[in-house]
Structures are given as structure tokens and as C-alpha cells.
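Examination of the molecular architecture
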Amino acid sequence: MAVVKLSPCFKDYIWGGTRLRDEFGKQCHFDTIAESWELACHKDGSCTVASGEYNGLTLEQYIDTKGKQIMGTSCENDKVFPVLVKLIDAKNDLSVQVHPDDEYAMRTEGEPGKTEMWYVIDCLDGAELIYGFKEKVTPQQFAGMIRDNTLLEYVNKVRVKKGDVFFIPSGTLHAIGKGILVAEIQQNSNTTYRVYDYGRVGNDGKPRELHIDKAIDVTDTKPVTMSPMPVAVEYEGYSCTTLADCKYFTAVKYDVQSKAKLDIDHRSFAHLLMIDGEAKIDELIGKKGDSFFIDASSGSVRINGRCSFILSRKLQKGIDIFGEK
Ligand SMILES: [Zn+2]
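Just so it is clear, the model here is predicted, and its values are computed rather than measured.

Further remarks concern the coordination of the zinc ion. Distances from the zinc ion to its protein donors, His-99 (NE2), Glu-116 (OE), Glu-116 (OE) and His-174 (NE2), fall within 2.1 to 2.7 Å. Each of the four donor atoms around the zinc ion contributes to a set of angles spanning 49 to 119°, which defines the coordination as irregular. Overall, His-99 belongs to the buried group, its relative accessible area being 1%. Residue class for Glu-116 comes out buried when judged on its relative accessible area of 1%.

Below you can see the structure in the form of C-alpha cells.
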């Protein structure tokens, strides 16, 4: 068995707040912390091992040192690490944006596309986000809305509450709204096409770049269908809620009363993100905001303590992998 604690890297985008430091114990010298990249192996940011004999290695070095088999058999054909997990603190609105699919992203950006999922850890009363279009529009109409500055009249604004889940396939127009703190599980890609930025300027005092032509190429202009709220399945001492299960990642929220046992098989590594409470994960202490990497084929991992966490793995959709009892 192999479980290591991870230490994230941080991003100070203009819309970030201070909750990741104040409430999630993140140690970072930025004034505002927009994102902590909790599971990250990307040219734009990497997490590092923060426990045991591999302390200080980046995730990539850790995988190189121990061998690629620790990613699991489902990752055998992956040229890059497949999953990125972040905490995002939106003190202000994020830009309205869209991500390309694999084919478009590989062709134009040389990296995978981005399908993502948000789990709302917390939000202010009345907080809203943007999730697709209200009604079907044509790409020409979409271009017109961007040109005439009327896009916000046509997007689907959703009032959110704690515990809400949003699955955002590549091509879906979206924006996290102010006052929302989410865990984001996504494909390992940093390609974002911004279509509307509320007329803001970046940290350098200049308007942030928009990517209108590419956004029009990749945006799905059909109205979105809201995904049904996932249902918790009860086990003795804990419950499991599947938040997302797609070909890119599977994310399950565990709510543990006292203890639970995970079974991490050969198919995939697991990333454990503590979102509430405190527990022992194998021999390591985990508090709200902490992240752990568990090698594939680790077998059973014991969780002791009252806590909630999100377990992310890369598994094939529809295959039941959470067989632990
Ligand atoms: Zn996004």
C-alpha cells in the first residue's frame, strides 16, 4: 500500500479570495488565492509529495521514480497524467468561458480537451453560476451576442446551494459566479477560451485576452439539460455519492461517520481530497483541504474519523469499481 500527502500549487487569478487560506489551511504568500491545484501534473503547475521518503518530489518525479504502473492499467495509453483536481474560491465572477474537446484541443493547443465537474463545497446565499444556454441559438447568433454585449441575457443562470453538482462536458459555456467555492475534477488541460470578462483588466492592468473565434468553433449552442442530483448509497458507517462517472474521471463523495475502507485496485490511482472533518488515512492525518495520492494496486486503505472527502480516479464509465463494503 502507498499513500502520500500532496502539497498543491496556487494561482492568484484576479477573481480569487482568501478562503483557501482562512478556512482550508492553505499556506501561500499570495494576497488572494483563486485556485489550489490539488492533484496536478501539468506544465502550468504541479503538486508535490509532502510526506514520507518521497517528500519534496513533484508528482511527475514521484511517478517516474516508482514507475508508471502506480497510475493504473486504465492510464497505460495516456501520454500525460489524465486528471487535474482543484479547489476554486471565486470571490468574484469568473469569465464566461468554454473548453474544447480532445480532437480540437490536440489539433490547436497540443493538449487534451477539458470536460470538468464542479462540486459546490460552499456558497453565499443567492450565489449563481452560468451553465450553458437557455435556448438553442445558432453559432451566428452566438457571435452576435458577443459582438453586441448581450450574451448574459441568453445564458442559463443557476442559483446554487451547498452540495450541488455540475457536469460540464467540453463545449458547454460556463462561469463560476461570485461567492462560490468548488472542488473541480477535470481532464488535465489548461485550455480555456474566454468569451466575456465583464470588461475587467488583469493583474497587468490590461483587459484579459478573449478567444472569440475559437470559442465559436467549439461551443455547443444547444440548451443544456441539468443533470439529476446524485443519490447517496448507505454502507455501514459511511455513505457514497457518485458525483461523476465519465470516461475521463470518476468522482465519488464519501461521508464517513467513524470509519471506512477503500479498495484501490489495479485499474487506477486515487486522489483523496478532504472537504470536511478530520481523519487518519492509513497512517497520515488528513484535515479539511488536504490531498492524498494513493497508488493503483494499493489494496485496502483504512479511513478512521468523521469526515467527508472526494475520491477521484480514472476508470471507464459504467464500470462499478467502488466494491468496498
Ligand atoms: Zn472551466
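A full pass over the atoms with the stated rule returns 21 salt bridges. Note that Lys-314 and Asp-78 form a salt bridge whose closest N and O atoms lie 3.0 Å from each other. Placement of the pair is Lys-314 in the segment after strand 24 (307-313) and Asp-78 in the loop between helix 2 (59-66) and strand 7 (83-90), with a sequence separation of 236 residues. Of the two residues examined, Lys-314 and Asp-78, each falls in the buried class. Three or more residues joined by partner-sharing salt bridges are found here, namely Arg-19, Glu-23 and Asp-122.

Assigned domains of the protein: these are domain 1 (3-72 + 79-218) and domain 2 (233-313). At the interface, 34 residues of domain 1 touch 29 residues of domain 2. At the boundary of domain 1 with domain 2, total buried surface from both sides reaches about 2,700 Å², with 72% on carbon and sulfur atoms. In terms of surface lost to domain 2, no three residues of domain 1 exceed Val-3, Lys-5 and Tyr-119, which account for 23% of the buried area on that side. Counting every contact that joins domain 1 to domain 2 gives two salt bridges.

What counts as what
- Residues numbered from 1 in each chain as written.
- Predicted model: local features only at pLDDT ≥ 70, side-chain atom pairs only at ≥ 80, totals over all residues.
- Heavy atoms only, no water.
- Donors = N, O, S within 2.8 Å, 3.2 Å for Na, K, Ca; no water.
- Tetrahedral: all angles 85-135°; square planar, octahedral: opposite > 155°, others 65-115°.
- Buried < 20%, exposed > 50% of the residue type's maximum accessible area, 1.4 Å probe, protein only.
- Salt bridge = Lys/Arg side-chain N within 4 Å of Asp/Glu carboxyl O.
- Helix = DSSP H or I, 4+ residues; strand = E, 2+ residues; numbered from the N terminus.
- Domains from an automatic or database assignment.
- Contact = heavy atoms within 4.5 Å.
- Buried area = accessible area lost by both parts, 1.4 Å probe.

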